[in-house]
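Analysis of the macromolecular model
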Amino acid sequence: MKYKKYETKSFNIYTIKTDKFKNCHMEIIFRDEVNQEKDLLNFSFLADLISDCSKNYPSRRDISIALENLYNARFYGVNQKVGKTIFTSFLLDFVNPKYITEEDYLTNVLKLPFEIIMNPYVKDEEFDITMFNIIKNRIRTNINNMKEDPTRLAINHALKKMDETSVTSYRILGTIEQLEEITPSSLYKVYKHLINDNSCDIFIIGDLDMDKVAKIITDNFKLRSVKSKNFELSVENKTRKKPFTITENGDYVQANLIMIYNLVNLSEREKNYVIRVFNFIFGNGSLNAKLMNYLREENGLCYGVSSMYLKRDNLLMVQVSLEKEKIPKAMKLIKKALNEMTKGDFTDEDMDETIKYYTSSVDLSLDNEVNILDNYLFHIYDNIDLLEDIKKEIKTVKKDEVIKVANKIKLNTIYTLVSGGE
Amino acid sequence: MKEIKLTDVDEVIYYDVCDNGLPIYMWPNNKVNSFYITLTAKYGSIHTKFKLDNKSKIYEVPSGSAHYLEHVKFNEPDGTTAHEYFAKLGSDVNAFTVPDYTTYQVFASTEFEKNLNHLLDYVMTSCITKKLVNKERGIITEEANMGQDNPYQKLMYSFYRNIFKNLNYRIETIGTLEDIKKINEKDLQLIFDTFYHPQNMILVITGNFNPYEAAAMVKENQKKKEFLPYRKPEFVGEKEPTQVVKKYEEITGNIGEPKIKVGLKLLDSRFKMKDKIKLRIILRMIMNINFGVTSEFRNELLEKELITSLNSLVYFFQNYLIIDVTSQTKYPEEVTKKIVAKLENLDVTEETISRRIKANIANLILDYDDIEYVNSNIVNALIYDGKITNSYKKIYESITMEDVNKVLKLIDLKHMSIIEMLPNEN
């Protein structure tokens, strides 16, 4: 695998050349700081609208026909909240040109996303109203459909209850009220801000002549001169002296229990490596993890229980779906598992298994072009190690480091979503 | 060892068979780091009634038994679990049950031989006790409760129940809550003895490994195993009528926006096309062209703000095929009428067909990037088509407008079922 960076006046192109895959993957990433929750919805609306139409392709149907003619290339917009930053990304997947007989295939397929992004379907400083409404309706449906997934709903509500002023609790989908405030002209202003003020980079992976790729991109992407900036990704969420407990009602068969913990003053090594080893033994691993073992295997309380590490939010979140009556016992067992971690009540064998599992997961990631690109992206933006280095570094984590991290985990919020609750 | 050459993508699938009848399919790809091994029993959630040894006695097990056995199978005779063994290797082990089969899988990047042998050992070794069966009951009940909170699952199974009177596709893979309570160790032992037999299983290996060495390891492993005589199981079911059970139903769910499904039930024999793969491809292309992202119809409904989503699927269930058009809409009645009208007037052109063929051929190339996807394609091809097709491209290129028009003419709406899911009133 060969990594290379091409600098232009307005953006950088990061390339990864590898012959492992028949697919090629490109991401055009715009980054901005999140100041308020509605920023997220604005960018989310924009990503959908830009990737669904343009002046030359006035509907998703037209874009889809163009993509089918490019041997089923795929182009779509996505948003990702990364700590205090919002990524608005436009992704392109296409087949390696060596399998295609058309000579200009590479140029044609790479040109399309830039042509779409730079020529929005706009008249008189406003987005086309028909396409605007199609996207607006879709987002409204998605907001209304939030209740169809009780786990997702519970996680969102739990984060809001933890601290609604924290960026961590901001939802990309936003609310119906925020959606109604957006107009075709207000959104066009957001578009101009994205193009003129956001930091932009392009990442691409594939078995391609990357010098040629960089030339095609620079020939077709004439952006204003804003140099790539660094953004603060980490969100420091407030801690509490006493955990906040709250129960909400829902019309569901199962209850949802969410326990949110602060991770206090973790070092970079702890954030990147030690907490991951901790979490595998505690709750984010196989059926042998403490949480799965205590809640599912020994007591049959649930089908699954997971502990999620939110690195850039400095949080750990335990989630479990179960019968309402089983919640007190589940909470007791979760506390017991964490308590054991703080006392070092886990074996060297657990450490070994975890490290082997991580090495194996990194190997799996190295077999997927999107994972490789994602790793490179956060290597650039968040200074994490490249996958091959992660494999080496994870092996150096020691048991006493894991115990130390376990003692930096402080319970913040206990949230339950129950049928017929308080 | 035989080689199945996949001419479209310049790949080879290696095939071998053990003395006890276990077939091995292998796709080596030494550009990747990892490997993926699956062992599949051709026994799934629909198989609740069967005969053995060519005799007339009918054996019946409760719904959900296939999935229940999948849970219990992770226990090992020495009191440990397969999870514990694979955790020591750093491997990722799991299993899943679908209507037609049950698959046990392992992902890893090292210790190929240990992973392979232990997958064969734990799946093919019996360890079913009353205690272990009872231990899983609470866990499976919670899994079933989770499904009850999923409105899409509720909509899908209500739809199937309105279409099928007898076929077990209408029952949730996990089984009914009543049946989960009933399942016992005798049911599971019978299933294990009958269906977890090398002659009823498929081993598929994809990724970084040597196929000759792998086949030798499997044969060596199987030599040491003893199995009961194969009882030639034959699945039994009542004949499925051509009519649907309910033509229309309105249900409610904990949803944000109404969802509708319009389904057509068609006997595949009516199309008189011997090549079922070709029939499947043609039908999927027709539906994609009429209801997919490139369809004018979908675009029109979006522009008129009548829908927020529309898609179509074509499923094959034994000798029936089901066309399923699904939409999210605030105007279920009006959109249903429009979908029905469109189904009565499906159309394709040479241009749309040739564009779809071009897109599908590109997908064939992309499919061979992912060891999990290739593995699952091999299993599905063997279960549903009974063979590996060595050139889909040839099938695509053989499709003529005459073939497509012939299929189009035979799609009728005589056996149609419509279901609307509306938000709960609360």
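Predicted, not measured: the structure shown is a model, and the values here were computed from it.

Calculation criteria
Residues numbered from 1 in each chain as written. Chains lettered and ligands numbered in written order. Predicted model: local features only at pLDDT ≥ 70, side-chain atom pairs only at ≥ 80, totals over all residues. Heavy atoms only, no water. Contact = heavy atoms within 4.5 Å. Salt bridge = Lys/Arg side-chain N within 4 Å of Asp/Glu carboxyl O. Polar contact = N/O pair within 3.5 Å; in protein donor to acceptor, adjacent residues only side chain to side chain. Helix = DSSP H or I, 4+ residues; strand = E, 2+ residues; numbered from the N terminus. Nonpolar A, V, L, I, M, F, W, Y, C, P; charged D, E, K, R; others polar. Pairing = 2+ DSSP bridges. Axes fitted to C-alpha atoms, helices over the stretch in contact; angles between N-to-C directions. Domains from an automatic or database assignment. Buried area = accessible area lost by both parts, 1.4 Å probe.

**Quick word on the interface of chain A and chain B**
The partner chain B presents 59 residues to the 55 residues of chain A that form the contact. Put simply, chain A and chain B have 9 salt bridges between them. The partner of B:R355 in a salt bridge is A:E68, with the nearest N and O atoms 2.9 Å apart. Remark: the boundary between chain A and chain B carries 33 residue pairs in polar contact (both at pLDDT 80 or more). Only α2 (60–69), α4 (129–144), α10 (290–298), β11 (302–310), β12 (315–322) and α12 (348–365) of chain A provide two or more residues apiece to the side of chain A that touches chain B. If one sorts the elements of the side of chain A that touches chain B by residue count, α4(A) sits on top with 8 residues. Among the residues forming the side of chain A that touches chain B, the class breakdown is 17 nonpolar, 17 polar and 21 charged.

**Here's the deal with the sheet that holds strand β14 (residues 320–329) of chain B**
Residues and elements named next belong to chain B. Pairing is mixed across the open sheet formed by 5 strands, whose spatial order is β11-β15-β12-β14-β13. In the strand order of this sheet, the two ends are held by β11 (248–253) and β13 (307–317), each with one partner. When the angles between neighbouring strand axes are averaged without regard to direction, this sheet yields 15 degrees. Packing of helix α5 (residues 151–163) onto the sheet brings it into contact with β11, β12 (259–267), β13, β14 and β15 (416–423), and relative to β15 it is tilted by some 150 degrees. Sheet contacts for helix α9 (residues 276–291): β13 and β14; angle to β13, the most-contacted strand, approximately 170 degrees.

**A look at the domain arrangement of chain B**
Residue and element names in this part refer to chain B. Its domain assignment divides chain B into domain 1 (2–235) and domain 2 (248–423). Taken together, the contacts link 40 residues of domain 1 with 40 residues of domain 2. Between domain 1 and domain 2, the buried area comes to about 3600 Å², and carbon and sulfur atoms account for 72% of it. Contact with domain 2 buries surface across domain 1, with D8, L155 and F159 losing the most and accounting together for 19% of the total. Put simply, domain 1 and domain 2 have 0 salt bridges between them. For the side of domain 1 that touches domain 2, the element with the highest residue contribution is α5, accounting for 10 residues.

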